[in-house]
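Listed below, chain by chain, are the residues.
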Amino acid sequence: MSDNRFLPIAKIISAHGIKGHVKISHFLFDSSNLLKYGKIFDHSGNIVKIKLLGQKPPNLIVQIADINDRDAAEGIQGEFLYIEKAQLPEIKSANSFYYIDLIGLQLINKVGDEIGQIINVDNFGAGDVIEIRLLNGKIEMLPFNNDTFPQINITEKYAIVDLPDIVIAKEK
């Protein structure tokens, strides 16, 4: 879903059993919030009704309305589930933001030159990773921490980045 009004909150990673249940990987700080956001949508913007059945940490087991057997569950594997961004609580601190707000920020190095753009935020289990596209088209992944990203300005849509030497060498 390319509509920036929607945020992905989970990905369907596999079928679970024979009754159409699915295992989802959620992107929430607290998995208990899954059903608190209200309406959940599929990639087409259709409302998806979900019933939480249990946990298989760190994942959740859910029943999705109209998915009644394993074949149907396998057919939606890899799909994302979304909420409307407006459903999230308003951020009141200038130093706080939602990760989705980082995507698209221009990257500026410590001397003030534009060097690229943030294209994704991931977490593969060892910490948050920022995926960037340099102006030369190369894609790099950097740890998301204060040393690498000492300043982020969501309002003005930029982030200061202190690139590791290995990335600087590749940039040239």
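Residues numbered from 1 in each chain as written. Predicted model: local features only at pLDDT ≥ 70, side-chain atom pairs only at ≥ 80, totals over all residues. Heavy atoms only, no water.

(A) How the structure looks around the overall build of the protein chain. Across its full length, the protein chain holds 2 helices and 13 strands. Over its C-alpha atoms, taken along the principal directions, the protein chain stretches across nearly 55 × 35 × 25 Å. For the protein chain, with 172 residues in total, the buried portion stands at 36%. Within the protein chain, counting contacts between residues at least 6 apart in sequence, those at least 24 apart form 50% of the total. Surface summary for the protein chain: the accessible area is close to 10,500 Å², and the carbon and sulfur share equals 50%. Side-chain charges of the protein chain comprise 18 positive and 22 negative groups, with the mean position of each set lying 6 Å from the other. (Helix = DSSP H or I, 4+ residues; strand = E, 2+ residues; numbered from the N terminus. Buried < 20%, exposed > 50% of the residue type's maximum accessible area, 1.4 Å probe, protein only. Contact = heavy atoms within 4.5 Å. Areas by Shrake-Rupley, 256 points an atom, 1.4 Å probe, with all protein chains shown as cover. Lys, Arg positive; Asp, Glu negative; His and termini not counted. Charge placed at Lys NZ, Arg CZ, Asp CG, Glu CD.)

(B) Quick peek at the pattern of salt bridges. Taken as a whole and assessed by the stated rule, the structure comprises 3 salt bridges. Put simply, arginine 70 and glutamate 74 hold a salt bridge, and the shortest N to O gap is 3.1 Å. Here glutamate 74 and arginine 70 lie together in helix α1 (residues 70-75), a separation of 4 residues that amounts to about one turn. According to the relative accessible area criterion, arginine 70 is partly exposed, its value standing at 34%. (Salt bridge = Lys/Arg side-chain N within 4 Å of Asp/Glu carboxyl O.)

(C) Expanded view of the pairing of strand β6 (residues 59-64). For β6, the buried fraction is high: 6 of the 6 residues fall into the buried class. A two-sided burial pattern is seen for β6, the buried positions comprising Asn59, Ile61 and Gln63 on one face and Leu60, Val62 and Ile64 on the other. Bridge analysis of strand β2 (residues 21-26) against β6 gives 4 bridges, and the strand direction is antiparallel. Each residue of the ladder has a partner; that of isoleucine 24, found in β6, is leucine 60. Here 6 bridges tie strand β5 (residues 50-56) to β6, and the two strands are oriented antiparallel to one another. Bridge pairing links lysine 51 to glutamine 63 in β6. Linkage of β5 to β6, two consecutive antiparallel strands, is achieved through a turn of 2 residues. (Pairing = 2+ DSSP bridges.)

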